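The lines below spell out each chain.
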Amino acid sequence: MKIKNIKLTHVLEAALLPATIFVAWFLASRYNVLPGNLFPSPSDVLAGFYEVLNDGSFFYNLNISVIRVLKGFLLGSTTGFLIGITLGMSRFLEKLITPIFNAIRQVPLPAWAPLLVLVSLGEMSRVLFIAMGACYPVVLNTFEGVKSVRHDYMEVGRMFKFSKVKCFFKIILPSSFPATLTGLRLSLSISWMLVVAAEIFMTSGGGIGEMMWACREFSRMDLVVVGIIAIAFVGFAMNFTMRKLERLFSFWRITLKQSR
Amino acid sequence: MKSTGTLAVKNVSKKFKSQEGEIHVLDDINLSVKSGEFITIVGLSGCGKTTLLRLIVGLESDYAGDILLDGRKLNGPSLDRGIVFQDHRLFPWLTVEKNVGLGIVGKTDAEKKEIVQNHIELVGLKGFEKSYPYQLSGGMSQRAAIARSLVNNPKILLLDEPLGALDALTRMYMHKELERIWKKESITMIMVTHDVDEAVYLSDKIVVMSARPGKLQKIIPVPLSRPRDRASIDFAQMKEKVLEEFMLHTEQNFNYSI
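Rules behind the numbers
- Residues numbered from 1 in each chain as written.
- Chains lettered and ligands numbered in written order.
- Predicted model: local features only at pLDDT ≥ 70, side-chain atom pairs only at ≥ 80, totals over all residues.
- Heavy atoms only, no water.
- Pairing = 2+ DSSP bridges.
- Helix = DSSP H or I, 4+ residues; strand = E, 2+ residues; numbered from the N terminus.
- Contact = heavy atoms within 4.5 Å.
- Axes fitted to C-alpha atoms, helices over the stretch in contact; angles between N-to-C directions.
- Patch = residues over 30% accessible without salt bridge, like charges linked within 9 Å, V, L, I, M, F, W, Y side chains within 5 Å.
- Areas by Shrake-Rupley, 256 points an atom, 1.4 Å probe, with all protein chains shown as cover.
- Salt bridge = Lys/Arg side-chain N within 4 Å of Asp/Glu carboxyl O.
- Lys, Arg positive; Asp, Glu negative; His and termini not counted.
- Charge placed at Lys NZ, Arg CZ, Asp CG, Glu CD.
- Buried < 20%, exposed > 50% of the residue type's maximum accessible area, 1.4 Å probe, protein only.
- Buried area = accessible area lost by both parts, 1.4 Å probe.
- Polar contact = N/O pair within 3.5 Å; in protein donor to acceptor, adjacent residues only side chain to side chain.
- Nonpolar A, V, L, I, M, F, W, Y, C, P; charged D, E, K, R; others polar.
- Core = buried A, V, L, I, M, F, W, Y, C linked by side-chain atoms within 4.5 Å.
- Domains from an automatic or database assignment.
- Phe/Tyr/Trp six-rings, centres within 6.5 Å; stacked < 30°, edge-to-face > 60°.
- Lys NZ or Arg CZ within 6 Å of the ring centre and 35° of its normal.

The strands making up a sheet associate through hydrogen bonds between their backbones, and the pairing can be parallel or antiparallel. All names here are of chain B. An order of S2-S1-S4-S5 is seen for the four strands of this open sheet, with the pairing classed as antiparallel. Among the strands making up the open sheet, the edge pair consists of strand S2 (21–33) and strand S5 (72–73). Bridge count for strand S1 (residues 7–18) against strand S4 (residues 64–69) is five bridges, and the pairing is antiparallel. Within the sheet, the bridge partner assigned to Leu-7 lies in S4 and is Leu-69. Packed on one face of the sheet, helix H1 (residues 49–57) meets S1, S2 and S4 and runs near 115 degrees to S1.

Here you go:
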């Protein structure tokens, strides 16, 4: 019972600020503080939401975006994981690849858009765009995770005459996995942010970003706000799920932190 | 002849290279350990006792002299030597059971399960098989670490201040347990410590080391019968004898007046 109460207060606390903003927004529109022709009122947004819900375009586009993000995220994070492990395991490759990786990392993603369009005019370019952004945090976190495996644990492996493969699967991988998961969480939330950019830079594949961009052209600001809220909501849900996963798989590390 | 865990350390010296030049850690160490003996190496911090242990176990190489196990020269770590580290070094992502079974090689799953269970029972951790290291106390963690180090039936078990971080009462309890395990497994044990009481309670021989460079100062046999009585006069005198080596003894002991 107590636990339930605590959870309820948590939810209430978390909802306090959004509710306040909503009320302020409502009042500002109601008493014409906001320029009504430019900034939609809550009722405009609700009506707009109802409209796109009814003609099916909302879920059609949201679905496209979510699938696109998952594709980009899977491609980027898998690649990132492999690169991170490789850089962490081989000092030679670390020296060889890290400088160029750090240089590439500094290039803002939209700058790649023209090149990506050369690769493919279709879905592939958008997925690659997301994958590139999704890759970086997984590389960095996995690399750090591998590098910070305790030397002490490796000595235990040496005592038991572990092979290199066994050392990797029994010590390095489990020990660095919590860091990788942190990378994956960051990666997923970056992917979700990038999908809108991908859909704006490389259009005509549908998606929530493209829908918003089109609505802007038609001055349908109410639908732009619908898009913003939907993006925030899905992003929140993704982050929440990843946090749960992170806790689940790195229980031993989180507990260590708490006990300190 | 069956190999049984006799150890010979002959003229062993070890230097570490640092930026300021060479540091002489061990200087001409000679030591022989009989099969089934319990040896403790006592010395101040920095006297090289842990280094000596790491040489014997094979984690450090590049030394002068010879270390022979059952007459054969050592070559890196091997399963016939186990070690219990000062910090238990259990893998925090594995249960006690999985940690203990970590080093078992060349056994079927059923055999493995049995070995793990036997060793968990040997160290008195029955019922904690599924616990994670963070759920264990310091003493329990070291028990698990001892179990883990014994699964391959090593001939020699090396212990690097395994009880150093425990509270005094738990430590005394662990002394009894360690003695029991040592007897049951009839294994050679070499333990590094700076606790003289611990050394006298457990050892057949106490090796006193002096520092910078680490030298063997004296080997003191402990001829007391087991189990040893901490309250006995013999025990106290033995302790004084060891403390004398560190200039820490009381000048007039056992002045009885009626």
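Still more to cover.
Time to look at a positive patch on the surface. All names here are of chain A. Among the surface-exposed residues, Lys-7, Arg-243, Lys-244 and Arg-247 lie close enough to one another that they form a single positively charged patch. If one sorts the elements of the positive patch by residue count, helix H10 (residues 221–249) sits on top with three residues. Along the chain, the position of Lys-7 falls in helix H1 (residues 2–30). Judged by relative accessible area, which is 57%, Lys-7 ranks as exposed.

So, about the interface of chain A and chain B. Taken together, the 19 residues of chain A in the interface contact 23 residues of chain B. Carbon and sulfur atoms supply 70% of the area buried between chain A and chain B, which totals about 2000 Å² over both sides. It is Tyr-153, Met-159 and Phe-160 of chain A in chain A that bury the most area against chain B; as a group they hold 32% of the surface buried on that side. Where chain A touches chain B, the interface holds six residue pairs in polar contact (both at pLDDT 80 or more). Those elements giving two or more residues to the side of chain A that touches chain B turn out to be helix H7 (151–159), helix H8 (164–201) and helix H11 (251–259) of chain A. Top contributing element to the side of chain A that touches chain B by residue count: H7 of chain A, with six residues. Across the side of chain A that touches chain B, the residue classes tally to ten nonpolar, two polar and seven charged.

Most often, soluble globular proteins keep nonpolar side chains buried together rather than apart. With 47 residues, the main nonpolar core has Ile-146, Met-189, Val-200, Ile-206 and Val-242 of chain B as its most contacted residues. Examining the composition of this core, we find that six residues originate from one element, helix H4 (residues 138–150) of chain B, more than from any other. Those residues in contact with Met-189 of chain B that lie beyond four places of it in its chain are Glu-37, Phe-38, Ile-39, Leu-157, Leu-159, Leu-178, Ile-181 and Trp-182 of chain B. Formed by 45 residues, the second largest nonpolar core is a distinct cluster that contains Val-146, Val-149, Phe-160 and Cys-167 of chain A.

What follows concerns the domain arrangement of chain A. Residues and elements named next belong to chain A. Domain annotation for chain A reports domain 1 (1–34) and domain 2 (40–259). Once you take the C-alpha centre of each, domain 1 and domain 2 turn out to be 29 Å apart. Of the residues lining the interface, four residues belong to domain 1; the matching set on domain 2 comes to five residues. Summed over both sides, the interface of domain 1 with domain 2 buries roughly 340 Å², with 86% coming from carbon and sulfur. Applying the counting rule to domain 1 against domain 2 returns zero salt bridges.

So, about unusual backbone geometry. All names here are of chain B. Along the chain, Arg-226 connects to Pro-227 via a cis peptide bond; the corresponding omega equals -10 degrees. As for its placement among the helices and strands, Pro-227 is situated in the loop between strand S10 (215–221) and helix H7 (233–244). With a phi close to 60 degrees, Asp-62 is a non-glycine residue in the positive phi region. Residue class for Asp-62 comes out exposed when judged on its relative accessible area of 60%.

Moving on, we get to the pairing of S10 of chain B. Residues and elements named next belong to chain B. Bridge count between strand S9 (residues 205–210) and S10: six bridges; the pairing is antiparallel. Looking across to S10, one finds that Ile-206 is bridged to Ile-220. Here S9 folds back onto S10, and the loop between the two strands holds four residues, one of which, Arg-212, carries a positive phi near 45 degrees.

This part covers the sheet that holds strand S6 (residues 81–84) of chain B. Residue and element names in this part refer to chain B. Spatially, six strands are ordered S6-S7-S8-S3-S9-S10 in an open sheet, and the strand pairing comes out mixed. With partners counted over all chains shown, the strands left at the sheet margins are S6 and S10, one partner each. For this sheet the average axis-to-axis angle between neighbouring strands, irrespective of direction, equals 20 degrees. Contacting strand S3 (38–43), strand S7 (156–160) and strand S8 (188–193), helix H5 (residues 168–185) runs over the sheet at an angle of about 155 degrees to S8.

Another aspect to go through is the pattern of salt bridges. Residues and elements named next belong to chain B. One pass over the structure, following the stated rule, counts 30 salt bridges over all chains. With a closest N to O distance of 3.5 Å, Lys-215 and Asp-27 form a salt bridge. Separated by 188 residues along the polypeptide, Lys-215 in strand S10 and Asp-27 in strand S2 bring together distant segments of the chain. Judged by relative accessible area, which is 39%, Lys-215 ranks as partly exposed. A salt bridge links Glu-177 to Arg-180, with the shortest nitrogen-to-oxygen separation between them at 3.0 Å. You can see Glu-177 and its partner Arg-180 sitting in helix H5, three residues apart, about one turn around the helix. With a relative accessible area of 12%, Glu-177 lands in the buried category. Residue classification places Arg-180 among the partly exposed positions, given a relative accessible area of 33%.

All names here are of chain B. Looking at the secondary structure, you find Leu-157 in strand S7. In sequence terms Leu-157 and Asp-28 are 129 residues apart; their C-alpha atoms lie 23 Å from each other. Not counting the four nearest positions on each side in its chain, Leu-157 is found in contact with Gly-82, Ile-83, Val-84, Ser-149, Leu-150, Ile-187, Thr-188, Met-189 and Ile-190.

It is worth spelling out the packing of aromatic side chains at this point. All names here are of chain A. A full pass over the atoms with the stated rule returns 16 aromatic pairs over all chains. Ring centres of Phe-129 and Phe-201 lie 6.4 Å apart, and the angle between their planes is 55 degrees; this geometry places the pair in the tilted category. With Phe-129 in helix H6 (residues 123–147) and Phe-201 in helix H8, this pair connects stretches of sequence that are 72 residues apart. On the basis of relative accessible area, Phe-201 is assigned to the partly exposed category, the value being 44%. Over the aromatic face of Tyr-31 sits the side chain of Arg-30, whose NZ or CZ is 5.7 Å from the ring centroid. The ring centre of Trp-213 lies 4.5 Å from the NZ or CZ of Arg-216, which sits over that ring.

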